[in-house]
Amino acid sequence: MDSLPSPSFFDSEKVSQFWRVPYQKRANEAKQWREKYQITSPVEDKTKIILLLIDVQNTFCLPDFELFVAGKSGNGAVEDNIRLCQFIYRNLANVTTIAATMDTHTAMQIFHPIFWVDEKGNHPQAGITMISYEDVKQGRWQVNQNIANNLNISWQKLEKYALHYVKQLTENSKYPLTIWPYHSMLGGIGHGLVSSVEEALFFHSIVRSSQTQFEIKGDNPLTENYSVLSPEVLENKQGEKIAKKNTQFLNKLLSYDKVIIAGQAKSHCVAWTIEDLLTEIKQKDPNLATKVYLLEDCTSPVVIPNVVDFSAQAEEAFQGFADAGMQRVISSDFDV
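Residues numbered from 1 in each chain as written. Predicted model: local features only at pLDDT ≥ 70, side-chain atom pairs only at ≥ 80, totals over all residues. Heavy atoms only, no water.

## A look at the sheet that holds strand β2 (residues 97–103)
Piece 1. Read across the open sheet, the six strands follow the order β7-β2-β1-β8-β9-β12; overall the sheet is parallel. Edge positions in the sheet fall to β7 (213–217) and β12 (327–329), since each has one partner strand and no second. Ignoring which end each strand starts from, the neighbouring axes of this sheet average 25° apart.
Piece 2. Sheet analysis places strand β1 (residues 49–54) next to strand β8 (residues 258–263), joined by six bridges and oriented parallel. Residue pairing in the sheet places I50 in a bridge with V259 of β8.
Piece 3. With respect to the sheet, helix α3 (residues 76–90) is in contact with β1, β2, β8 and β9 (292–295), its orientation differing from that of β1 by roughly 160°.
Piece 4. Of the strands in this sheet, β1, β2, β7 and β8 are in contact with helix α8 (residues 247–254), which crosses β1 at around 135°. (Pairing = 2+ DSSP bridges. Helix = DSSP H or I, 4+ residues; strand = E, 2+ residues; numbered from the N terminus. Axes fitted to C-alpha atoms, helices over the stretch in contact; angles between N-to-C directions. Contact = heavy atoms within 4.5 Å.)

## Thoughts on unusual backbone geometry
Piece 1. Cis geometry is found at the peptide bond from Q264 to A265, where omega equals -10°.
Piece 2. Positionally, A265 belongs in the loop between β8 and α9 (269–284).
Piece 3. At Q38, a residue that is not glycine, the phi angle is positive and equals roughly 50°.
Piece 4. Counting through the fold element by element, Q38 comes out in the loop between α1 (23–36) and β1.

## Remarks on a nonpolar patch on the surface
Piece 1. Among the surface-exposed residues, I128, I304 and V307 lie close enough to one another that they form a single nonpolar patch of about 250 Å² accessible area.
Piece 2. Following the sequence through the fold, I128 ends up in the loop between β3 (116–117) and β4 (130–131). (Patch = residues over 30% accessible without salt bridge, like charges linked within 9 Å, V, L, I, M, F, W, Y side chains within 5 Å. Areas by Shrake-Rupley, 256 points an atom, 1.4 Å probe, with all protein chains shown as cover. Salt bridge = Lys/Arg side-chain N within 4 Å of Asp/Glu carboxyl O.)

## Some thoughts on the packing of aromatic side chains
Piece 1. Scanning the model with the defined rule gives 16 aromatic pairs in all.
Piece 2. Seen in terms of ring centroids, F18 and F65 are 5.8 Å apart; in terms of plane orientation they differ by 80°. Their pairing is edge-to-face. Of the two residues, F18 is situated in the segment before α1 and F65 in the loop between α2 (58–61) and α3; the sequence distance between them amounts to 47 residues.
Piece 3. Since its relative accessible area comes to 46%, F18 is described here as partly exposed.
Piece 4. Residues Y161 and Y165 carry aromatic rings whose centres are separated by 6.0 Å and whose planes lie at 40° to one another, so their mutual orientation is tilted. Of this pair, Y161 and Y165 both sit in helix α6 (residues 155–171), separated by four residues, roughly a single helical turn. Accessibility assignment for this pair places Y161 and Y165 in one class, buried.
Piece 5. Through a chain of ring-to-ring contacts, three or more aromatic side chains come together here, namely F9, F10, W33, Y37, Y89 and F203.
Piece 6. K14 extends its terminal NZ or CZ atom over the ring of W19, reaching a point 3.9 Å from the ring centre.
Piece 7. Over the ring of F318 we find K266; its NZ or CZ atom is 4.7 Å from the centre of that ring. (Phe/Tyr/Trp six-rings, centres within 6.5 Å; stacked < 30°, edge-to-face > 60°. Buried < 20%, exposed > 50% of the residue type's maximum accessible area, 1.4 Å probe, protein only. Lys NZ or Arg CZ within 6 Å of the ring centre and 35° of its normal.)

## Focus: the nonpolar core
Piece 1. One finds L53, W116, L177 and I261 to be the most contacted residues of the largest nonpolar core, which totals 102 residues.
Piece 2. No other element matches α9, which puts eight residues into this core.
Piece 3. Residues from two domains meet in this core; each of domain 1 (12–105 + 183–329) and domain 2 (113–178) gives at least three.
Piece 4. Residues within four places of I261 in sequence aside, it is in contact with L52, I54, V270, I274, L277, V292, Y293, L294 and L295. (Core = buried A, V, L, I, M, F, W, Y, C linked by side-chain atoms within 4.5 Å. Domains from an automatic or database assignment.)

## As for the pairing of β1
Piece 1. A large share of β1 lies buried, amounting to six of its six residues.
Piece 2. The side-chain alternation of β1 yields two buried faces, one formed by I49, L51 and L53 and the other by I50, L52 and I54.
Piece 3. One ladder, built from five bridges, connects β1 with β2; its direction is parallel. Note that in β2 the partner of I50 across the bridge is T97.

## As for the domain arrangement of the protein chain
Piece 1. Under the domain assignment used here, the protein chain contains domain 1 (12–105 + 183–329) and domain 2 (113–178).
Piece 2. Distance between the C-alpha centres of domain 1 and domain 2: 29 Å.
Piece 3. Contact with domain 1, which involves 17 residues of that partner, is made by 15 residues of domain 2.
Piece 4. Roughly 1,400 Å² of surface becomes buried between domain 1 and domain 2 when both sides are summed, with 64% attributable to carbon and sulfur atoms.
Piece 5. The largest share of the area that domain 1 buries against domain 2 comes from L222, E224 and V233, three residues that together contribute 36% of it.
Piece 6. There are zero salt bridges connecting domain 1 and domain 2.
Piece 7. Summed over the shared surface of domain 1 and domain 2, the number is four residue pairs in polar contact (both at pLDDT 80 or more). (Buried area = accessible area lost by both parts, 1.4 Å probe. Polar contact = N/O pair within 3.5 Å; in protein donor to acceptor, adjacent residues only side chain to side chain.)

## Brief notes about the pattern of salt bridges
Piece 1. In this structure the tally under the stated criterion is 17 salt bridges.
Piece 2. K217 is paired through a salt bridge with D55; the nearest N and O atoms lie 3.0 Å apart. With K217 in strand β7 and D55 in the loop between β1 and α2, this residue pair connects regions lying 162 residues apart in the sequence. Summarising the burial analysis for this pair, K217 and D55 share the class buried.

## Topic: the packing of α3 against helix α7 (residues 195–208)
Piece 1. It is at 10 Å that the axes of α3 and α7 come closest, and there the two elements cross at 10°. Compared by their axis directions, α3 and α7 come out roughly parallel. Of α7, the residues touching α3 (which contributes N81, L84, C85, I88 and Y89) are S196, V197, E199, A200, L201 and F203.
Piece 2. Tallied by class, the residues present in the contact of α3 with α7 amount to eight nonpolar, two polar and one charged. (Parallel < 35°, antiparallel > 145°, perpendicular 65-115°, else oblique. Nonpolar A, V, L, I, M, F, W, Y, C, P; charged D, E, K, R; others polar.)

Following this line, the structure appears as structure tokens:
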């Protein structure tokens, strides 16, 4: 089917705000939209297409929220989501399934300040502290004993695990353990999808009779989980499992004819997810990489002026994905 217009209710000026989606009203409009454009259900799709949206949540995508992905422009995630909504509406009749990952945290996790203390009992400063293997080995940062109590793990055992954890990050060439501000907190406003994106997903779901798929990640207190497909560390020093790969979802993605990816942040959760997907593809069939499309203008890197800029790392990662056969595309020029 040819590309469709955006519904009249879509307002690009509201993408930077959070508000309540009027579900029943949108459902009524969806029925009219389906009839007006004679849109069929996904069972009739000759080409099965999944749109994977990574962490399009308030915490990352709205200014003044905890980890707003500003990108180079300073307004990156907002601009990305305007284009993303327009892409969804334009290709509404052709996208079979939309899957959204949900970064999901509670306070007492290994990458949050309360998990760690220095010799004076102070917590690390969020956003600028990175904890290395040497930091933990030399005791500059130690596990907060109250964390051990809450996790029902002895403090000594948790200390040994923490040392193992940061060592694993180093040996696997991952980013050092970053202490992030409290974000994507389960039950909080920051955890929710950006309202305009949520509205687009709900509208697609009703128009096409295609349930939006939600994938929770990041709720394990003992590991980071940038990628929806695999946590950063899977085992403790003794080889005991502390987390597992999301093999079921990975296989689901590869079952589609086209996999389109967008979201936040390009340098972290998006890049890590694509890297894990590519690793699996290389093991199965390298030619599968050609069915993966990266919406270049619907994702931005982490950039904090005068603090960090991950633009170069994001570009290097995406160029590597393209070299492997994945396709970098611009949303406005790409109709599925």
